[in-house]
Amino acid sequence: MPHSETPAMEPVDGPVSESAATGRPSGPALARIILLGVIVAGLAAIAVATALRNSDTTTASADSRDTLAMTAVAGEVHTAGRFEVTAKLVELPGKFLANDGLYNYAFVLKYEVLEVHRSEGEVGSTLFVAHYNPRKKRARVADEFYSNLGGNLERFRAGDVHRLALEQPWDQHYIGPLVDRYHKLADKRIYWAIWSNSVGNGG
Amino acid sequence: MPRSSRMLVLALALWGLSQAPPATAADAKAVESLRKEVAGRGFLVASIKQKRGDWDLVLMRPDGSGQRKLTDTPDWSEAAPRWSPEGRRMLYRRIKAGTVISHDRWGFQGELVIADALARNGRVLGKHTWGCWSPDGKQISTLSLKGIEVIDLATSKVTRRLSRAGYFQQLFWSPDGKWFCGTANVGGELWTIVRMDVVTGKWNVVSRFRNCTPDWAPDSKQVIFSNRPSNQQGYGWTQLWIAPGEGSKRRMIYGEDNRHIYGGALSPDGRYVVFTRCPKDGGGSERAGAPGGLMRLADAPIIGGNSPSLRKLHPRAHEGPVLKLPDLWEPHWTYTDVTAKR
């Protein structure tokens, strides 16, 4: 058992202003006590008022911090691209390729649309989205070639719900290898993911 | 060392020697013969990494002799040089020093520069991603999100625009002007070599599955490219291959276990091929280049090093000769005497 190095407290000796006979304070002493009481009460009132005012300020600061945090979390999901949706990732169609820093690619994922927040043109109930280098956290996916990508999504899991800022058509925004395991689906529209945030487990 | 250990080391050494291709005087003589054969056949230009960190263009004879810096710019890297078809001018990319040059996306980096054949009097043309000479040297083709564009060099105007189909990098115009080749997404499969008719835009697959860095043979009928076949254990090794443009049977030119072969470029008469032998995938542009090699196309297929796995797959492959060149990246070859005064 570790020992404490804090020394034990010694009892403090000090003057006691009491009437030795009755045990009550004497007249001048009573006056000093009353005066002290008034001062203490005044100080206490000031302290309470200050505390209340500080409390309001603290609440306001917390609110603005929350707002800032929410903005930081949302990032550019409300502004990037022409489309913004909340959608559930239906499945992972096979393994992602390596992202070893040597080869870069985009991977097409299938979503079920839950809500359309912004759009230019019709958005179907099923969405195919090309995500760049999907093994990477979205916060770290931007690079020299695609510097506007981001989000707070850390990994792709089937069933999870994402809030996505998208562009379309994908090949006017991305030029590189594309893994499309849905390539046999003719005439499907593939969107390009710019910002990808996690909304929660949709399971 | 105990006697038993010494015996074991000796046995392993003997076994190793038995596995290695015989390095005989005859081999050395064959390499020397090749060296003499190519030494006077024009010039190579390539990017060579400098100790200070940037890349400069270096001119050399095809045997690696007579090296001479064409650029000496600490603030810039000069990359991927290509002489014009008549050998009087050069295109290369100028990339800010300190930028890691991507082995497969370098055409998107920096700016395209046009200069004389010795990289003098350079003029920045602009971003012009994947800029490549037209056969007459009066235009360039580019590949970008906008598609394939043909730009007139005299006016800098876009004279033609085609859909890029699935092309995403490494677009090159054939010497006869009829075709493009490049790396593309096709039918859900990435890293496919595709040939496209310049007039009609119709395309066909040249080679599927894990290919890149295609380039034209001088006859415009064949395409040379790097390929990492699936018939290998684990990650595998990238080899140099060639295939007819219409996409019939492809054949290996050079391969080597423990080396990734990139940067394949044919001599102007199509008789020789230069390439790089990189111990790590990527061709070396992310690091300091890779040892160059030169061989006769008529000697293909050649397998370098021990390469027991590859020799099983290609039992009729030869062992050389292969002439060693310095560490470099993206070599190009001309038979024009670019040093002649004009």
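Residues numbered from 1 in each chain as written. Chains lettered and ligands numbered in written order. Predicted model: local features only at pLDDT ≥ 70, side-chain atom pairs only at ≥ 80, totals over all residues. Heavy atoms only, no water.

Draft legend 1. Looking closely at the overall build of chain B. Helices and strands together make up the secondary structure of chain B, namely three helices and 24 strands. Here the C-alpha coordinates of chain B stretch approximately 80 × 45 × 35 Å along the principal axes. Scored against the burial criterion, the 342 residues of chain B give a buried share of 55%. Put simply, 46% of the contacts in chain B that link residues at least 6 apart link residues at least 24 apart. About 15000 Å² of surface is accessible on chain B, with carbon and sulfur atoms providing 54% of the total. Distance between charge centroids for chain B: 2 Å, based on 50 positive and 32 negative side chains. (Helix = DSSP H or I, 4+ residues; strand = E, 2+ residues; numbered from the N terminus. Buried < 20%, exposed > 50% of the residue type's maximum accessible area, 1.4 Å probe, protein only. Contact = heavy atoms within 4.5 Å. Areas by Shrake-Rupley, 256 points an atom, 1.4 Å probe, with all protein chains shown as cover. Lys, Arg positive; Asp, Glu negative; His and termini not counted. Charge placed at Lys NZ, Arg CZ, Asp CG, Glu CD.)

Draft legend 2. Representation of the packing of aromatic side chains within the structure. All names here are of chain A. Tallying each qualifying case throughout the model produces 21 aromatic pairs over all chains. A ring pair is formed by F83 and Y191, whose centres lie 5.3 Å apart and whose planes are at 80°; its orientation type is edge-to-face. Of this pair, F83 sits in strand β1 (residues 83–89) while Y191 sits in strand β6 (residues 190–201), and the two are 108 residues apart along the sequence. According to the relative accessible area criterion, Y191 is buried, its value standing at 3%. Site record: aromatic cluster; members linked through ring pairs are Y132, Y146, W170, Y174 and W192. (Phe/Tyr/Trp six-rings, centres within 6.5 Å; stacked < 30°, edge-to-face > 60°.)

Draft legend 3. Molecular detail of the sheet that holds strand β24 (residues 323–334) of chain B. All names here are of chain B. Taking strand neighbours across the sheet as the criterion, the seven strands line up as β3-β2-β1-β24-β22-β21-β20 in an open arrangement whose pairing is antiparallel. The two strands at the open ends of the sheet, each matched to only one other strand, are β3 (68–69) and β20 (260–266). Lying over the sheet, helix α2 (residues 25–39) contacts β21 (272–278), β22 (290–296) and β24, oriented at roughly 85° with respect to β22. (Pairing = 2+ DSSP bridges. Axes fitted to C-alpha atoms, helices over the stretch in contact; angles between N-to-C directions.)

Draft legend 4. Main features of the pattern of salt bridges. Residue and element names in this part refer to chain B. In total, this model carries 25 salt bridges over all chains according to the counting rule given. D63 is paired through a salt bridge with R35; the nearest N and O atoms lie 2.9 Å apart. On the criterion of sequence distance, the pair formed by D63 in the loop between β2 (55–60) and β3 and R35 in helix α2 is long-range, its members being 28 residues apart. Across the salt bridge formed by D56 and K69, the nearest N and O atoms sit 3.3 Å from each other. Of this pair, D56 sits in strand β2 while K69 is found in strand β3, placing the two residues 13 residues apart along the sequence. Through salt bridges with shared partners, a single network forms among R52, D54, D56, K69 and D72. (Salt bridge = Lys/Arg side-chain N within 4 Å of Asp/Glu carboxyl O.)

Draft legend 5. Quick look at the pairing of strand β12 (residues 167–173) of chain B. Residues and elements named next belong to chain B. When you tally the buried positions in β12, you get seven out of seven residues, the bulk of the element. Here four bridges tie β12 to strand β13 (residues 179–186), and the two strands are oriented antiparallel to one another. Each bridged residue has a counterpart across the sheet, and for Y167 the counterpart in β13 is A184. Counting the residues that bridge the hairpin from β12 to β13 gives five residues, and of these G177 lies at a positive phi of roughly 80°.

Draft legend 6. Geometry of the confidence of the model for chain B. All names here are of chain B. With 93% of its residues at a pLDDT of 70 or more, chain B has an overall mean of 93. In the predicted structure, residues 13–20 sits below a pLDDT of 50 and forms two contacts with residues beyond four places in sequence or in another chain. Here the predicted complex carries an ipTM of 0.90, next to a pTM of 0.82. (pLDDT = per-residue confidence, 0-100.)

Draft legend 7. Representation of the sheet that holds β12 of chain B within the structure. Residues and elements named next belong to chain B. The strand order across the open sheet formed by four strands is β12-β13-β14-β15, and the pairing between neighbours is antiparallel. Either end of the sheet is taken by a strand with one partner, and the two such strands are β12 and β15 (203–207). Neighbour-to-neighbour, the strand axes of this sheet turn through a mean angle of 30°, independent of strand direction. Taken together, the four bridges between strand β14 (residues 189–197) and β15 define a ladder with antiparallel strand orientation. When the sheet's bridge partners are listed, I193 is paired in β15 with S207.

Draft legend 8. Structural view of α2 of chain B. All names here are of chain B. Here α2 contains 15 residues, and its C-alpha end-to-end distance of 21 Å stays within 8% of the 21 Å for a straight helix at 1.5 Å per residue. By the burial criterion, the buried members of α2 are L34, V38 and A39. Here the buried residues of α2 occupy an arc of 125° about the axis, which is enough to place them on one side. Summarising the geometry of α2, the exposed residues directed more than 90 degrees from the buried face are A25, A26, K29 and K36. Turning to α2, the residues buried within the fold contact β21, β22 and β24. (Expected span 1.5 Å × (residues − 1). Arc of directions from axis to C-beta.)

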